[in-house]
Structures are given as C-alpha cells and as structure tokens.
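Each chain, written out:
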Amino acid sequence: MATLYLKTSGGNWNTANTWSNVNASGVDNSGPPTAADNCIAELLSGNVTIDSGSVCRGFDTTSGTSNWGGTITWNAITFNIGDGTAAAGNIPFKLNSGVTVTLSNAATSAVSFISTSGTAQTITTAGKTLGNVTINGAGSSYTLGDNLTSSGSWTYTAGTTLDTSTNSAIITLSGTNRTFDGGGKTYFRADLTGAGTATVSSVNTFTTFKRIGTATVTDVAIFTANQTFTSAYTLQGNSAVNRLLVRSSVLGTARSFTNSGATATVDAVDFRDITFNTAVNFSAAASYSGNCGGNSGITFTTAQTNYYQTAVNDNWSTTAKWFLATNGAGGAGRVPIPQDTAVFDVNSVTASGKTITCDIAYMPFSTTWSGVANAPNFTTSSSTATLYGSLVLTSGMGTFTQNANLAVNGRLANSTITSGGKSFTNMSINVSGFTISQGDALTVSGFWNNSGATGTWDTAGFNLTVATAGGNSANLTLNASTLTLTSSGTVWAQPTGTVSAGTSTISFTDTSSSDKTFVAGSKTYYNCSITGGGSGKIIFTMAATWNQFPQVTGGTKSLTYPSATTTTFTNGTNLGNSTNLITIIASTAASATTWAVTNGAAGIVNCDYLSLKDNTASGPTPFYAGANSTLVSGTTGWNATAAPAGIPRMMLMGVN
Amino acid sequence: MSQTVLVQVKFEEETPYGTYRDALYYDLAEFNLKSQKEIDADAKVRIDAYIFAVENPLPPPEYTKEELQAQLDDVAAQQIEINVALEKKKEDLQDAIDVAAVAIVVP
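Scope of this entry: the structure provided in the associated data block. Since we're looking at a predicted model, the values are computed, not measured.

## Remarks on the overall build of chain B
Piece 1. Looking only at helices and strands, one finds three helices and two strands in chain B.
Piece 2. Order of helices (α) and strands (β) in chain B, N terminus to C terminus: β-β-α-α-α.
Piece 3. Expressed as a percentage of its 107 residues, the buried residues of chain B come to 23%.
Piece 4. A separation of at least 24 residues holds for 31% of the contacts in chain B among residues at least 6 apart in sequence.
Piece 5. Working note: accessible area of chain B is about 7900 Å², and carbon and sulfur atoms make up 61% of it.

What follows is the structure, encoded as structure tokens:
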C-alpha cells in the first residue's frame, strides 16, 4: 500500500511516471496505482486521463497541499476503486468544485466502487457529472457525501449499506435511456430526467422519486419490480402531447407502487400495468392521465371522443385540430389520450389528398376513419406506435404508410383491426387477456403475436396474409380463413399458445429458391396448400396434426418433415392427376419421419409421382406410393405400386 | 355523439392461391346508393390486391435492435416453457413406467 501523488506533468492514470510517492513535484515514477494505493491530486498536480486498467483504493482531490483544480479526461473505460481495506480517511472518491471532468462517453466512462471493507466510506462528487456509477463491493458500506449526477446509469450490484439520507443526497440520472438499478436499497431521492426510456430495477424504497419527461413523445419510465415511495413521487410528462408512459417491464404483469402517505405530483402521464396500493385519483390532471390497460388503484381522466378536422397536411398531435363534435363543432377537443376515441369522418379532411401523420407514440382505444372523404393519406411516425384498441381504416382513404412497427397492445377491451384493404408492414401483438379480431382481410409483412396464453388473435374468418411470422406465443383462432405465407425463411412459428384451426388453410406461395420453414409447435391445423415450383423446400418442424395431406399445385416441390417425429393426417382428399414430382424427405438422413393417418374410414392412401425417403407410414389403411413414385430408401409401410382400383382413397400428388 | 351505421358486405372468391375471404364496409347512405356491380368492383379490387400481394410479396420485415431483442426474449421464454412441459411429460412417462413395471407379471 502506498500514497501516490499525481505529478505536475500529469498523464495517463495507469502509467508509472504519472505518479510520485513524495508529492506532486516528485521526480520518482512510482505508479501506476494498484487497488491498494491511495491517490491524491493536489494543487500542483497536472491533468490526468483515466485510461484502461485504472484502479486505486481511493482518489482524493482535497487532501493534498490544497484542492486540485485540474481536469480528468475519462476514457470510455471503467475506473475500479477499492479493495478489501477502506481508503485513507474513508474517502474512496472525492472531487471538489474546481475539478473539470470530461467524459469520453456519457455512459461507459464509468466508475465502479468495489471495496469489500465494511467501514463506512464517503463518496463526494462536488456536482460533477459522471458516467455509469456502480456499487459492487460485497460487504461494503458507502455514504454519498453530496448529490450525485450521472449521465449514465446507477447500479447497486453488491454491498451491505448505502446511506443517501445523512447528507440528503439526490441521485440524478440525466442521460437518455438510462437505468436506475437500486439493488433494493432505500434512497433519499432519485431524479430521472433524461429522455427516452428510464428503467427502474430492483425492489427499492424512495423517500422521494421523480421521473420527469422531456419534450418528446416517446419518454417512458419502466419498472421491473415493485417500488415504495414514502414521502413524495413525481411522474410528469412534458405536456399533454409529449406524454410520459409509466409502465411495467412486462406487458400483462403489473408492478405495484406502495404509496401510502406519499404526496403525488402526476400529470401528462399514461399508465400501463401499474398498481397503486393506496388508491389515487389523477382524473383532474391538467394534461390528463391516460389508461393503457392493466392498471388498478387509479382513477383516470374520463374518456372522450375527439373529432379531427383539417384542410391541410397536418399532424395528429396538433391540438387545435381536435374537436368534441364533427365538422369542427362542440368546442375544443384534445389530442386523444389512450382511453379516448379518435374519429376521422366525412367532415374531417376537407381538401383532397391531404396527409395526416400520427406523430405521437400511440393510437387510442378506438381510431376510426369510417366514411372519411377526400381520400386522405395516413402515415405513422418513424418510431414504434402503440395501438391501444381498435383501428378502422377504409378503402376511402388514400395511402396508409406505416413507417415503424405497430405494437398492438389493446388491453382495455377486446378490439378489432379493419384494414380497409391497406397493407401493414411490421405488427407485433400483445393483447394479453383480450382478443383482437380482424374486421376484414389483412396483409402484413412481419407478424409477431406475443400475447401470451391469455391473448388471442382471431381472424374472424378473413384472410391473413403475412410475409413471415415470428415466435407466436399467443392463441390463434383461424376459423375458415386462409393464412397465406408469402415469403421465405421461418415463415411461421407457433411454438407455444394454442391454435383453433377451424377449417382454415395454411397456404405457402413462395416459389423462390429459398426454403420456407413452418414451426408447427405440435399444434393441430387443418388444410395445407403449397404452390409448386421453385427449388426452395417447405420445411415442417415439430410434430403437427393436419386434416389432410398438403395440396401441392402447379409444379414440383420438396417437402421436409421432422425426423423421429410423427405428423398426423386425420383425413384424406382427392386431388387431380399430374406428373409433377413431390420430393418428401426427413430432416435428418436415415432417421425416418412418421406419417400417420388416423381415420381409416377415409380410405386407403393413394399417391403418385412421389420421391419418398426416410418415411414411415402408419395407419389403419394401406399406403400406396403409386406406380410413378420412387421409394428411395428408409421407407416403411409404403407399397411401391398404385392402389387397386375401386377403393376409396386419399391422395397426395402433384397437380396442375 | 353522432353514430355512424356501417354495412358489412362479406365476400369470398376462389383464387389460384386459395379461397379469399374479406369484407367491405359502407356507410349506410353510401351502401344504399351502391349497385351490386359497384360492390362487385370494390370486391375485385381487394381480390386483385391479394393476388398481387402473393405474387409480389412484401419484403421480409426489418426490425430494430430493440425489437429483435424483444423477440429473442420471447423465444427464450417460450423455450423455457417448452422445456418445462417436456420435463413434466418425462416425469409423467417415468411414473407410468414405474407403475407398469410393478404391474406386469413376467410369465
């Protein structure tokens, strides 16, 4: 252990000749500091750069000959402070008002306090802004000597005691998209003032908590755990338009606020999956309180219907365009909050071909364009827009341009999407606890249904056409719909959730050379239609039950079924004759897939023009591959001949 | 608040890519002025759009880093769910095997 002085010449922290063991004027080269060294910057010390490998037991800018007034240039690295012994004077880090701190990166120019000493040590930052600050010393005891401001995140990973109350220390996170992970400690006060998403982690207690939004429409406060506010809490958006969304980190899983006796300052805020243990009434908030679903213990601003009217290209967020009745009547409305209804009707757009841009973060409980005149265009903003209910587009509109993912999160009631013949790009659905139904046929490029076990997407019998769909975890009700998968790659994945197949048809239409993978998820489907042609295979993974064999139309096709797995075809169907070859293999060579037919009353299995490999036939009736088929290898239970004439049959073959 | 009465016209059509089922919505007054020919024409626009969408599919979606991370998290959660279900199935099968082993009498 040594006491090292930052020399007059300064330099990089982790360099020998930056340090003297005498004083700032020393000529010895006693650095670089180890985790057991106390480092002092004093009046005559030069500037220092926190560089890779920088460590010390303590760094004090006040205990030398006089306060240091130099500059810390903080590279984008983590400065580790502490070892198993308390720093000299129990001061692990102390700046003074004369110090300049220059961060290379607002977040990753970071400091970690990692002492494992149980002695109380005091951190003083003198109002300087640091990057990420982490407390990660098992058994440590730290006290904040003054307010701490970080342009990064605060993380309390390990330690025994954290005292922010003795000195009424406020921790302020001013950066964009920062995390306050309090480690379950009690804090005097935390202010989260940055733009974007401020995340609060761990079950913490705050005497005072503030999340104040900025002049953007996308500010969020996310809580990954329950919190307690004992004296006061402020949740405040910037304006009625630039609102703050306060929500749980998991849609459908509420976070609770224990708020008994705490004074609330809440305005321009929307809540999602938040429970106030002591009921609160935010209905009189001047810039309104919004209900995005999943909340309890909150009285919100009363919902209202707002009618839009414009004669020019305009934004959704223009307050003056909203009225309480159609055609600009009824008095001033408001930019709809989540529980509201937004109406674009025959009187809404009074000139031809105008564009309305949804430039806020959401569309409310109900948005309808029914009866709109003059073919207005509707454009969504470039950041993800959340749909909190039903959306009705119409064929009377001009274009619909979706510039970012549409998060369908309507959870105030069951809701409907009517496309009016407009196509959507990306759509992620989480309507946990509710059902969202199609009002008509829907075409969407990317479809991701993550509504969990209690959410349902219901096609209502209409077509659903998607390029690809991701790992759908929610329930799917298909009725008699055709689900058309138009692209390649993993075109559909339904590993969990349920499928109510009805009499639907899954249709693969891509004829490119790229494979199409269908993750069946051991679900029961009904019919399957495949457009023939193209060298790209249709790859079925996981077990599945189908009503009948796939119908391949118009060309040759290769199909892959999962090895060591049974695909069940309940019934059969008659198809026409052709010479298009259908190649059927198992996913792993020499490891057969099993095709099982369960309904013997449907007749024998009669196929033709197949190339079969690694396929086990199973069922109460004979399987005939057909006279023009080839049993390549690994087939069991197949007859390599045509079926005898005059016997009821189920057929699989290429057709034109 | 004024109420808009809409008339829903469901239609379906056989296409080279399967049965197409869709619906048109008209304001009641608008519907009363529509001839069947006009409605059929409106339906044909939708059918043609579907065929065009199949033959000229939308490009695969492009997701942001955050959206991809969310999807990764979803898949990881589902993987856990599936594993739990399979473990339970294994336990049930093992229990059944254990019972069967006791019950079977080897001649």
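## What about the interface of chain B and chain A?
Piece 1. With 30 residues of chain B in contact, the opposing surface of chain A contributes 41 residues.
Piece 2. Both sides together, the interface formed by chain B and chain A hides about 2800 Å², and carbon and sulfur atoms give 55% of it.
Piece 3. Of the charged contacts, one joins Arg46 of chain B and Asp440 of chain A as a salt bridge, the two residues approaching to 3.6 Å between their closest N and O atoms.
Piece 4. Every element with two or more residues in the side of chain B that touches chain A is listed here: strand E1 (6-15), strand E2 (18-27), helix H2 (36-55) and helix H3 (65-103) of chain B.
Piece 5. A per-element tally of the side of chain B that touches chain A places H3 of chain B first, with seven residues.
Piece 6. The class makeup of the residues in the side of chain B that touches chain A is 17 nonpolar, five polar and eight charged.

## Points about the pattern of salt bridges
Piece 1. The tally for this structure, following the rule as stated, stands at 15 salt bridges over all chains.
Piece 2. One salt bridge in this structure joins Arg46 of chain B and Asp22 of chain B, with 3.0 Å as the shortest N-O distance. Highlighted residues: Arg46 of chain B in helix H2 and Asp22 of chain B in strand E2, separated in sequence by 24 residues. Of the two residues examined, Arg46 of chain B and Asp22 of chain B, each falls in the buried class.
Piece 3. With a shortest N-O distance of 2.8 Å, Lys44 of chain B and Asp48 of chain B are connected by a salt bridge. Placement of both Lys44 of chain B and Asp48 of chain B in helix H2 is noted, with a separation of four residues, approximately one turn of the helix.
Piece 4. For Lys44 of chain B, a relative accessible area of 48% puts it in the partly exposed group.
Piece 5. Here the residues in one salt-bridge network are Asp440 of chain A together with Asp22 and Arg46 of chain B, joined through shared partners.

## Focus on the packing of aromatic side chains
All names here are of chain A.
Piece 1. A full pass over the atoms with the stated rule returns 58 aromatic pairs over all chains.
Piece 2. Relative to Phe93, the ring of Phe59 has its centre 6.3 Å away and its plane inclined at 50°; by these criteria the two rings are tilted. Within this pair, whereas Phe59 is found in strand E7 (residues 58-60), its partner Phe93 is found in strand E10 (residues 93-94), the two being separated by 34 residues in sequence.
Piece 3. Relative accessible area serves as the criterion here: at 0%, Phe93 is assigned to the buried category.
Piece 4. Lying across the ring of Tyr288, Arg334 places its NZ or CZ 4.7 Å from the centre.

## Thoughts on empty space enclosed by the protein
Piece 1. According to the stated counting rule, one finds two cavities of 30 Å³ or more in the structure shown.
Piece 2. When its volume is computed, the largest cavity comes out at roughly 60 Å³.
Piece 3. At the level of elements, strand E21 (179-181) and strand E23 (197-201) of chain A are the ones that each hand at least two residues to the lining of the largest cavity.
Piece 4. In the lining of the largest cavity, the residues fall into five nonpolar, six polar and two charged.
Piece 5. Roughly 40 Å³ of volume is contained in the second largest cavity.
Piece 6. Along the walls of the second largest cavity sit Thr443, Val444, Thr465, Val466, Ala467 and Thr486 of chain A together with Ala53 and Leu58 of chain B, which together make up its complete lining.
Piece 7. Secondary-structure elements contributing two or more residues to the lining of the second largest cavity are strand E49 (442-449) and strand E51 (464-469) of chain A.
Piece 8. Counting residues per element, the lining of the second largest cavity draws most heavily on E51 of chain A, which supplies three residues.
Piece 9. A breakdown of the residues in the lining of the second largest cavity according to their chemical character gives five nonpolar, three polar and no charged.

Parameters at a glance
Residues numbered from 1 in each chain as written. Chains lettered and ligands numbered in written order. Predicted model: local features only at pLDDT ≥ 70, side-chain atom pairs only at ≥ 80, totals over all residues. Heavy atoms only, no water. Helix = DSSP H or I, 4+ residues; strand = E, 2+ residues; numbered from the N terminus. Buried < 20%, exposed > 50% of the residue type's maximum accessible area, 1.4 Å probe, protein only. Contact = heavy atoms within 4.5 Å. Areas by Shrake-Rupley, 256 points an atom, 1.4 Å probe, with all protein chains shown as cover. Buried area = accessible area lost by both parts, 1.4 Å probe. Salt bridge = Lys/Arg side-chain N within 4 Å of Asp/Glu carboxyl O. Nonpolar A, V, L, I, M, F, W, Y, C, P; charged D, E, K, R; others polar. Phe/Tyr/Trp six-rings, centres within 6.5 Å; stacked < 30°, edge-to-face > 60°. Lys NZ or Arg CZ within 6 Å of the ring centre and 35° of its normal. 1 Å grid on protein atoms, 1.4 Å probe; cavity = no way out; pocket = protein on both sides within 12 Å on 5 of 7 lines; lining within 4 Å. Points joined across faces, edges and corners; volume = space filled by probe spheres on them.

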